Amino acid sequence: MDHVIDPHTEAVVNGLRPLRSPGRDQGTGPAGDGHAAAGPRRAEEAGPRSGAPARAALLVLADGRFPAGGHAHSGGAEAAVRAGRLGDARDLAEFCRGRLHTAGLTAAGLAAAAAAGLDPLALDASADARTPSPALRASARRLGRQLMRAARATWPSPELDALARALPKGAHQPVVLGLTARAAGLGPEDAAHCAVYESVGGPATAAVRLLSLDPFEATAVLARLAPDMDRIASRAVTAAREAAERGTDALPAASAPLLDITAEQHAAWPVRLFAS
């Protein structure tokens, strides 16, 4: 399948409001929304507030058993299987590589920026602009709402509470993921790695169910993609640092039009195994 990186899909969304990390003299903004009233910080100043405990939190957050609802979504794999573009482990590798360099990069940039303390409402608007498919926007908000429930129960945070109040129908999942990482004491790098892994881990798991694919083969696909995942996460973190200075225009806006098209088709199916 073809994948296109289209920087022209970026929307201009400025007016970021940097936040303090929770637990570090957390204040309350003039609107009483739990945001700190302090001045801006550079993105690289945000990060884990502890060593080993924060790394253990990353394992909890990235665990497929974390009740964030991702198991119900295939990341476009179900539509690709029906269309005949995904039929074996080799196809899965190409499908996941395409998602990683497009949807994965975009999600990782948003997650890293949220973990770094950029305004989550501005990031949510940026996520909307980077998601042309209404079906995918709805799925992203549904996943964000589910992740928000799990995150607030696991790592209570004034910032998560404020975002939940501001967007009661759900924020985009990558934005919630980054804010969750922040609440757990993790940094932008951790959030980016979570996002890139989710972008390929979901389709790989779905392919096992859809194709009766050998799970060992699916896992091998993910393992071979690991170097690419590291590179994409690093690009996302660099972009998040730039966004702290220049605004959300600096974040990746890589697109995969075929995923957008098939998402709309998938949403209209009367019977399907996955929600997206």
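Residues numbered from 1 in each chain as written. Predicted model: local features only at pLDDT ≥ 70, side-chain atom pairs only at ≥ 80, totals over all residues. Heavy atoms only, no water.

Turning next to the overall build of the protein. Helices and strands together make up the secondary structure of the protein, namely 11 helices and zero strands. The buried share of the protein, taken over its 276 residues, is 51%. Across the protein, the fraction of contacts at a sequence separation of at least 24, relative to all contacts at a separation of at least 6, is 81%. By element, 55% of the accessible surface of the protein is carried by carbon and sulfur atoms, the whole surface being about 12,200 Å². (Helix = DSSP H or I, 4+ residues; strand = E, 2+ residues; numbered from the N terminus. Buried < 20%, exposed > 50% of the residue type's maximum accessible area, 1.4 Å probe, protein only. Contact = heavy atoms within 4.5 Å. Areas by Shrake-Rupley, 256 points an atom, 1.4 Å probe, with all protein chains shown as cover.)

Moving on: the packing of aromatic side chains. On inspection of all chains with the given rule, the structure shows one aromatic pair. Consider the rings of phenylalanine 66 and tryptophan 155, whose centres lie 5.8 Å apart with planes at 25°: the pair is stacked. With phenylalanine 66 in the loop between α1 (52-62) and α2 (77-82) and tryptophan 155 in the loop between α5 (134-154) and α6 (158-166), this pair connects stretches of sequence that are 89 residues apart. As far as the burial class goes, phenylalanine 66 and tryptophan 155 line up, both buried. (Phe/Tyr/Trp six-rings, centres within 6.5 Å; stacked < 30°, edge-to-face > 60°.)

Turning next to α6. Considered for burial, the residues of α6 that qualify are Glu159, Leu160, Ala162, Leu163 and Ala164. Buried residues along α6 sit in contact with α4 (120-129), α5 and α7 (173-183). N-capping of α6 is provided by serine 157, with a side-chain oxygen placed 3.1 Å from the backbone N of glutamate 159. (Polar contact = N/O pair within 3.5 Å; in protein donor to acceptor, adjacent residues only side chain to side chain.)

Bringing the packing of helix α3 (residues 89-116) against α4 into the picture now. Interaxial distance between α3 and α4 falls to 10 Å at its minimum, and their mutual angle equals 175°. Classified by the interaxial angle, the pair formed by α3 and α4 is roughly antiparallel. Counting all contacts with α3, which are made through Leu110, Ala113 and Ala114, the residues of α4 involved are Leu123, Ser126 and Ala127. (Axes fitted to C-alpha atoms, helices over the stretch in contact; angles between N-to-C directions. Parallel < 35°, antiparallel > 145°, perpendicular 65-115°, else oblique.)

Another point: the pattern of salt bridges. Tallied over the entire structure, the rule returns 11 salt bridges. With its nearest N and O atoms 3.1 Å apart, the salt bridge here joins aspartate 63 to arginine 65. Look at aspartate 63 and you get partly exposed, because its relative accessible area is 28%. Residue arginine 65 is classed as exposed on the basis of its relative accessible area of 71%. For glutamate 94, the salt bridge goes to arginine 97, with nearest N and O atoms at 2.8 Å. (Salt bridge = Lys/Arg side-chain N within 4 Å of Asp/Glu carboxyl O.)

Below, the discussion takes up α4. Along α4, the residues classified as buried are Pro120, Ala122, Leu123, Asp124, Ser126 and Ala127. Those residues of α4 that are buried are in contact with α3, α5, α6 and α7. Its side-chain oxygen placed 3.1 Å from the backbone nitrogen of leucine 121, aspartate 119 serves as the N-cap of α4.

Attention now moves to unusual backbone geometry. Of note in this structure, serine 212 is not a glycine but carries a positive phi near 55°. Checked against the element boundaries, serine 212 lands in the loop between α8 (188-211) and α9 (215-224).

This paragraph deals with the packing of α3 against helix α10 (residues 226-246). Relative to each other, α3 and α10 sit at 35°, their axes nearing to 8 Å. The handedness of the crossing between α3 and α10 is right-handed. Between α3 and α10, the residues in contact are Arg97, Leu100, His101, Gly104, Leu105, Ala108, Gly109, Ala112 and Ala113 and Asp228, Met229, Ile232, Arg235, Ala236, Val237 and Ala240, respectively. Residues belonging to the contact of α3 with α10 are distributed by class as follows: 10 nonpolar, three polar and three charged. (Left-handed = near helix turned anticlockwise from the far one by under 90°. Nonpolar A, V, L, I, M, F, W, Y, C, P; charged D, E, K, R; others polar.)

Time to look at the confidence of the model for the protein. A residue-level look at the protein finds 81% of positions with pLDDT of 70 or above and a mean pLDDT of 84. Low pLDDT (under 50) marks residues 1-51, which in the prediction has 128 contacts with non-local residues, meaning those over four places away or in another chain. (pLDDT = per-residue confidence, 0-100.)

Attention shifts here to the environment of arginine 137. Among the structural elements, arginine 137 can be located in helix α5. C-alpha of arginine 137 to C-alpha of glutamine 173: the two residues are 36 residues apart in sequence and 9.6 Å apart in space. Not counting the four nearest positions on each side in its chain, arginine 137 is found in contact with Asp128, Thr131, Pro132 and His172.

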